[in-house]
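Next come the chains, spelled out residue by residue.
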Amino acid sequence: MIRSLTMGLCALSFAACGAMAHPNEGGHGSTVAALPVGTCMNMGNMLEPAQEGSWGGAPIVAADFARIGAAGFDTVRIPVRWHNKTSQEAPWTVDEAWMDRVQTVVDQALAADLNVILNSHHFDPIHEDPLAVAQWHGAVWKQIAERFAGYPEDTLWFELENEPHGQFDHSNLLATLTPALEAVRATHPTRAVIVGGENWSGIDSLATLPLPDDPNVHPTFHYYDPFVFTHQGAGWVGPDIPPPGRTFPTKEDRAQLAEDVEKVRAYVARTGKTPFMGETGAYDRHISTADRAAYHRTVREAFAPTGIGMCVWAYANTFPFWDRDSGEWLPGMRASLGLAEED
Ligand code: BGC
């Protein structure tokens, strides 16, 4: 998950380079309205493990969304693993019970008056061999698009793939996502579709993020910087697990944060599109709740003048805001986002 900037090349297909708002063209004719993400909660580690519940925690229920809505959140992002829920060859039929389960969860969130970002998360093979997996991934999105036909456009948004990494980078991003986008556009010509860049969608990916020439495709990035603070002791990022003990913010961290805010400003000025922060957070194993809250407050206050939406990681099963054991919001976490602490 450590990010390094790789210069992206225009993708091969997707209506060819010429039709795209290529990141290096510079300038833009108009400004596209930002997605109204606002204050947003990730339903992390719930529908994204190999099987629901296999990373612990508890299944999502309607009361979770009622609680999140009552706390003042505008949007929920629902990460979903699909690749192991399909037949293994064309037409890659998604298991009906899984599609039903996802639809139930989306319905619950919409019923709580929350905007919903529904994504594909951990589609593991796509990061290893993107172009070979593109049709499979597109077939899944065709089925998602069909299932959610007729859903309100202003509140349900599709994010094609979480955190491209490995072989999935800006040189093949658009070609790889073309089948998915075409499948969605066949039945949802104007629904908001979200695309994040290479290297785990870190903030530096914005500089070279290629997007199709489509006003309803919105850019996103993730912000876990400094990674050595937010992921200290995080076993899943091995082999180079950041050691515990790193504090935040150092003087250098503050300078870096200010630079990162400028990257968002530069992106908006250059492209006319406003990205949103789809994930940000700090792992709770070695970082106290007070220090996690301070991280969220510092990041939020720094980026707030840009007007971007921010989705925190995550509700309850990892990097928690809500404590299942006590049945309470963790102290200071809502306030760190500018929300009231009272119930
Ligand atoms: C991953 C999660 C992980 C989180 C923080 C997300 O993008 O999908 O599994 O817990 O990042 O590292």
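Residues numbered from 1 in each chain as written. Predicted model: local features only at pLDDT ≥ 70, side-chain atom pairs only at ≥ 80, totals over all residues. Heavy atoms only, no water.

A. Structural detail: the packing of aromatic side chains. The final tally for this structure, using the stated rule, is 16 aromatic pairs. For the pair Phe 221 and Phe 303, a centre-to-centre distance of 6.2 Å together with 45° between the ring planes defines the contact as tilted. Within this pair, whereas Phe 221 is found in strand β6 (residues 217-223), its partner Phe 303 is found in helix α9 (residues 289-303), the two being separated by 82 residues in sequence. Comparing Phe 221 with Phe 303, the two get one shared label, buried. Centroid distance Tyr 223 to Phe 303: 5.2 Å. Interplanar angle 70°. Geometry classified as edge-to-face. (Phe/Tyr/Trp six-rings, centres within 6.5 Å; stacked < 30°, edge-to-face > 60°. Helix = DSSP H or I, 4+ residues; strand = E, 2+ residues; numbered from the N terminus. Buried < 20%, exposed > 50% of the residue type's maximum accessible area, 1.4 Å probe, protein only.)

B. Local environment of the site of the ligand. Contacts to the ligand come from 14 residues, most closely from Glu 48, His 121, His 231, Trp 236 and Glu 279. In the environment of the ligand, an oxygen atom lies 3.2 Å from a nitrogen or oxygen atom belonging to the side chain of His 122. The contact in question runs from an oxygen atom of the ligand to an N or O atom on the side chain of Glu 279, over 2.9 Å. Expressed as a share of its isolated accessible area of 310 Å², the protein-covered part of the ligand is 95%. Among the residues making up the shell around the ligand, the classes are represented as 6 nonpolar, 5 polar and 3 charged. (Near = heavy atom within 4 Å. Polar contact = N/O pair within 3.5 Å; in protein donor to acceptor, adjacent residues only side chain to side chain. Areas by Shrake-Rupley, 256 points an atom, 1.4 Å probe, with all protein chains shown as cover. Nonpolar A, V, L, I, M, F, W, Y, C, P; charged D, E, K, R; others polar.)

C. Spotlight on the side chain of Asn 119. Relative to the elements of secondary structure, Asn 119 occurs in strand β3 (residues 115-119). Within the structure, Asn 119 has its side chain in polar contact with the backbone nitrogen of Val 80 (distance 3.0 Å). Among the polar contacts listed, one links the side chain of Asn 119 to the side chain of His 121, at a separation of 2.9 Å.

D. View of the packing of helix α8 (residues 251-271) against α9. Contact geometry of α8 with α9 gives a least axis separation of 9 Å together with a crossing angle of 40°. One element, α8, and the other, α9, form an angle in the oblique class. Crossing geometry of α8 relative to α9 is assigned as right-handed. When α8 is examined against α9, the residues Arg 254, Leu 257, Asp 260, Val 261 and Val 264 are found in contact with a partner set consisting of Thr 298, Ala 302 and Phe 303. Classifying every residue of the contact of α8 with α9 gives 5 nonpolar, 1 polar and 2 charged. (Axes fitted to C-alpha atoms, helices over the stretch in contact; angles between N-to-C directions. Parallel < 35°, antiparallel > 145°, perpendicular 65-115°, else oblique. Left-handed = near helix turned anticlockwise from the far one by under 90°. Contact = heavy atoms within 4.5 Å.)

E. Seen up close, the pairing of strand β7 (residues 276-280). Along β7, 5 of the 5 residues are buried, which leaves the element largely enclosed by surrounding structure. Inspection of the sheet shows β6 paired to β7 by 4 bridges, in the parallel sense. Paired with Tyr 223 across the two strands is Thr 280, which belongs to β7. (Pairing = 2+ DSSP bridges.)

F. Structural view of the nonpolar core. Ile 78 and Phe 303 are the most contacted members of the largest nonpolar core, which has 78 residues in total. In this view, Ile 78 contacts Met 43, Leu 47, Phe 65, Val 105, Val 106, Ala 109, Val 116, Ile 117, Leu 118 and Asn 119; residues no more than four positions away in its chain are not counted. Judged by nonpolar contacts, the second largest core, of 9 residues, contains Leu 35, Ile 117, Phe 276 and Cys 311. (Core = buried A, V, L, I, M, F, W, Y, C linked by side-chain atoms within 4.5 Å.)

G. Region of the structure containing α9. For α9, spanning 15 residues, the distance from its first C-alpha to its last is 21 Å, which sits close to the expected 21 Å at 1.5 Å a residue. Taken together, the buried positions of α9 are Arg 292, Ala 293, Tyr 295, His 296, Thr 298, Val 299 and Phe 303. As for α9, its buried residues are in contact with β6, α7 (227-230), α8, β7, β8 (310-312) and α10 (333-336). (Expected span 1.5 Å × (residues − 1).)

H. Geometry of the environment of Trp 313. Here Trp 313 shows up in the loop between β8 and β9 (322-323). Along the chain, Trp 313 and Val 32 lie 281 residues apart, while their C-alpha atoms are 26 Å from each other.

I. Structural detail: the environment of Cys 311. Relative to the assigned elements, Cys 311 resides in strand β8. The buried category is assigned to Cys 311, whose relative accessible area is 0%. Along the sequence, Cys 311 and Thr 280 sit 31 residues apart, while their C-alpha atoms lie 6.6 Å from each other. With residues up to four places along the chain from it excluded, the contact list for Cys 311 reads Val 37, Cys 40, Asn 42, Arg 77, Ile 117, Phe 276, Met 277, Gly 278, Glu 279 and Thr 280.

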